[in-house]
Amino acid sequence: MTLSERDQLYNWHPYTQHKTAPNFPAIVKGKEALLWDENGKEYIDAIASWWVNPFGHSNTIIADAIYKQLTTLEHVLFGGFTHDKAVLLAEKLMEILPNNQKKLFYSDNGSTAVEVALKGALQYYFNAGEKRTKIIAFEDAFHGDTFGAMASSGISIFTEAFKGSLLEIVRIPVPTKGNEEKSIHALKDLVSTNEYAAFIFEPLVQGAAGMVMYAAEALDTLIEICNQNKVFTIADEVMTGFGKTGKTFASDYLQNKPDMMCLSKALTGGTIPMAITTFCQEIFDGFYDDDTNKALLHGHTFTANPTGCAAALASIALMEAAETQENIARINQSHLVFEKKIKAHPKVKTTRVLGVIFALEVKTESQESYYGTMRNKLYNFFIENGIILRPVGNIIYILPPYVITDSQLQKVYTTVEKALEIV
């Protein structure tokens, strides 16, 4: 049996209906922007493996940092102890985060980073004796698959089965061009009730919704409204963080900074699962008390894992390197050139670019479902042609590792053009 066939015997894959899914390519090697399967077929990883590998696969700098840490201290509990890498990583993050962020809480993936933020907001008001039990989120948001994160997400395919078991979330329109006032008015109506603890959002780009983009000025206005009404703001930077939008964080485009930020994915360069929720001082102070019951009684076995911290430190150093910043600018410029060329295609409805993110919407006669026929046809076409892209409905997006070469990027663009001819 092949590795791919053996996989099907026992493994349950994410977001997969196994009755209809084919055998998956079995990847055995990766280097920079490329992956190879068990048959030697080469793939360009044009989405950085779900947005986590901006510095490429098998990065030796991160690998060396991990090896060195493993031979020194692989793990130690963070409850009642600390270690040098957690301290160094906290100090480094304080240099690059918005200056209102003062405290870090470590966890293990993007969903749990969101859980920690939501619990922080809700318990802050519980500790203060004020009843604020609801959360505000955008329509079509995606924040993860644990219960709080799932509740905050607005894509029904992921949440339909659990509707009766979720936090109370009220959604407002995304302030895309032309919808800004509708979003602002909806938020003002909600916050005036004094029932809401927090407003969570994906800053500037809604990833799982199909790379839906909106302006920083609109988000600044929404944050200001929240600030005036004691509603905490949570920026879910799990996808957008660490250079994806052209700045270190999407929140760096904002004048009004969020009270909390959720970090994961590219945090460790795609090597070790790790997440961080960052907090402003006011929220931390709401837990700082002689009463133990007012502590944030939340944790994970691998909280602040030293090996993950070492990987994160190496990853951040790579992000800050001049070569990486030049690559981000190079990819952005290449996207803009491709956008100018492809936007007039008769099958293209809209295009958008921010940083290393490119997206186009294919014209359709009817609403295309998240895992609909067109999406599956496009996905299979890309895989057959050695390109890893995961369309969202009728949205094709590219979010490559920063190390992708110009020739590899051109092959991705050419394959996208060819794909438009089959839909």
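Structure: see above.
Residues numbered from 1 in each chain as written. Predicted model: local features only at pLDDT ≥ 70, side-chain atom pairs only at ≥ 80, totals over all residues. Heavy atoms only, no water.

## Observations regarding unusual backbone geometry
Alright, step 1. Of note in this structure, Tyr15 is not a glycine but carries a positive phi near 50°.
Alright, step 2. Relative to the helices and strands, Tyr15 is located in the loop between α1 (3-10) and β1 (27-31).
Alright, step 3. The class of Tyr15 is partly exposed, set by a relative accessible area of 34%. (Helix = DSSP H or I, 4+ residues; strand = E, 2+ residues; numbered from the N terminus. Buried < 20%, exposed > 50% of the residue type's maximum accessible area, 1.4 Å probe, protein only.)

## A few points about the pairing of β1
Alright, step 1. Where β1 and strand β2 (residues 34-37) come together, four bridges link them in antiparallel fashion. The partner of Lys31 across the bridge, within β2, is Leu34.
Alright, step 2. Hairpin connection, β1 to β2: the antiparallel pair is bridged by two residues, and Glu32 has positive phi, about 55°. (Pairing = 2+ DSSP bridges.)

## Here's the deal with a nonpolar patch on the surface
Alright, step 1. Taken together, the side chains of Met1, Leu9 and Tyr10 define a hydrophobic patch exposed on the protein surface, amounting to about 440 Å² of accessible area.
Alright, step 2. You can see Leu9 is positioned in helix α1. (Patch = residues over 30% accessible without salt bridge, like charges linked within 9 Å, V, L, I, M, F, W, Y side chains within 5 Å. Areas by Shrake-Rupley, 256 points an atom, 1.4 Å probe, with all protein chains shown as cover. Salt bridge = Lys/Arg side-chain N within 4 Å of Asp/Glu carboxyl O.)

## A short note on the packing of aromatic side chains
Alright, step 1. The tally for this structure, following the rule as stated, stands at 18 aromatic pairs.
Alright, step 2. Seen in terms of ring centroids, Tyr124 and Tyr125 are 5.1 Å apart; in terms of plane orientation they differ by 85°. Their pairing is edge-to-face.
Alright, step 3. Ring centres of Phe142 and Phe158 lie 5.1 Å apart, and the angle between their planes is 55°; on these two criteria the pair is classed as tilted. Of this pair, Phe142 sits in the loop between β5 (134-138) and α6 (147-152) while Phe158 sits in helix α7 (residues 156-159), placing them 16 residues apart in sequence. Accessibility assignment for this pair places Phe142 and Phe158 in one class, buried.
Alright, step 4. Here a set of aromatic residues connected by ring pairs shows up, and it is made of Tyr15, Trp50, Phe142 and Phe158.
Alright, step 5. Sitting over the ring of Phe284, Lys103 keeps its end group 4.5 Å from the ring centre. (Phe/Tyr/Trp six-rings, centres within 6.5 Å; stacked < 30°, edge-to-face > 60°. Lys NZ or Arg CZ within 6 Å of the ring centre and 35° of its normal.)

## Quick look at the sheet that holds strand β11 (residues 260-263)
Strands pair in a sheet through their backbones, by hydrogen bonds, and they do so in one of two ways: parallel or antiparallel.
Alright, step 1. Spatially, seven strands are ordered β4-β12-β11-β10-β7-β5-β6 in an open sheet, and the strand pairing comes out mixed. Two strands in the sheet have a free side with no partner beyond their single neighbour: β4 (101-107) and β6 (169-172). This sheet shows a mean twist of 20° between the axes of neighbouring strands, independent of strand direction.
Alright, step 2. Across four bridges, the pairing between strand β7 (residues 196-201) and strand β10 (residues 232-236) is parallel. From the neighbouring strand, Phe201 faces β10, where its bridge partner is Ala235. (Axes fitted to C-alpha atoms, helices over the stretch in contact; angles between N-to-C directions.)

## Re the sheet that holds strand β13 (residues 348-354)
Alright, step 1. A sheet is described by the order of its strands in space; here three strands give the open sequence β13-β14-β16, paired in antiparallel fashion. A single partner strand is all that each edge strand has here, and the edge strands are β13 and β16 (395-398). Neighbouring strand axes in the sheet, compared pairwise and without regard to direction, differ in orientation by 15° on average.
Alright, step 2. Packed on one face of the sheet, helix α14 (residues 406-420) meets β13, β14 (357-362) and β16 and runs near 170° to β16. (Contact = heavy atoms within 4.5 Å.)

## Concerning the nonpolar core
Alright, step 1. Ranked by internal contacts, the top residues of the largest apolar core, which has 102 residues, are Leu93, Phe199 and Leu389.
Alright, step 2. Looking at this core element by element, the count peaks at seven residues for helix α11 (residues 306-320).
Alright, step 3. With residues near it in sequence (within four places) discarded, Phe199 still touches Ile136, Ala137, Phe138, Ile172, Leu219, Leu222, Cys226, Val231, Phe232, Thr233 and Ile234.
Alright, step 4. Phe105, Ala121, Val238 and Met260 belong to the second-largest nonpolar core, a separate cluster that totals 28 residues. (Core = buried A, V, L, I, M, F, W, Y, C linked by side-chain atoms within 4.5 Å.)

## Brief notes about the pattern of salt bridges
Alright, step 1. Scanning all chains against the criterion turns up twelve salt bridges.
Alright, step 2. With a shortest N-O distance of 3.5 Å, Glu130 and Lys230 are connected by a salt bridge. In this pair, Glu130 is assigned in the loop between α5 (110-127) and β5 and Lys230 in the loop between α9 (216-228) and β10, connecting sequence segments 100 residues apart.
Alright, step 3. On the accessibility criterion, Glu130 (26% relative accessible area) is partly exposed.
Alright, step 4. Between Glu361 and Lys349 there is a salt bridge, with the nearest N and O atoms lying 3.8 Å from each other. With Glu361 in strand β14 and Lys349 in strand β13, this pair connects stretches of sequence that are twelve residues apart.
Alright, step 5. Classification of Lys349 by relative accessible area gives exposed; the value is 54%.
Alright, step 6. Linked through salt bridges whose partners overlap, the residues forming this network are Lys92, Glu95 and Glu320.

## Topic: the packing of helix α4 (residues 84-96) against α11
Alright, step 1. Two elements in contact, α4 and α11, have axes whose closest approach is 9 Å; the angle formed by their N-to-C orientations is 30°. As far as their axial angle goes, α11 and α4 are roughly parallel. In this structure, α4 meets α11 at a crossing whose hand is left-handed. Residues Lys85, Ala86, Leu88, Leu89, Lys92, Leu93 and Ile96 of α4 form the contact with α11, whose own contacting residues are Pro306, Cys309, Ala310, Ala312, Leu313, Ile316, Met319 and Glu320.
Alright, step 2. In the contact of α4 with α11, the residues fall into twelve nonpolar, no polar and three charged. (Parallel < 35°, antiparallel > 145°, perpendicular 65-115°, else oblique. Left-handed = near helix turned anticlockwise from the far one by under 90°. Nonpolar A, V, L, I, M, F, W, Y, C, P; charged D, E, K, R; others polar.)

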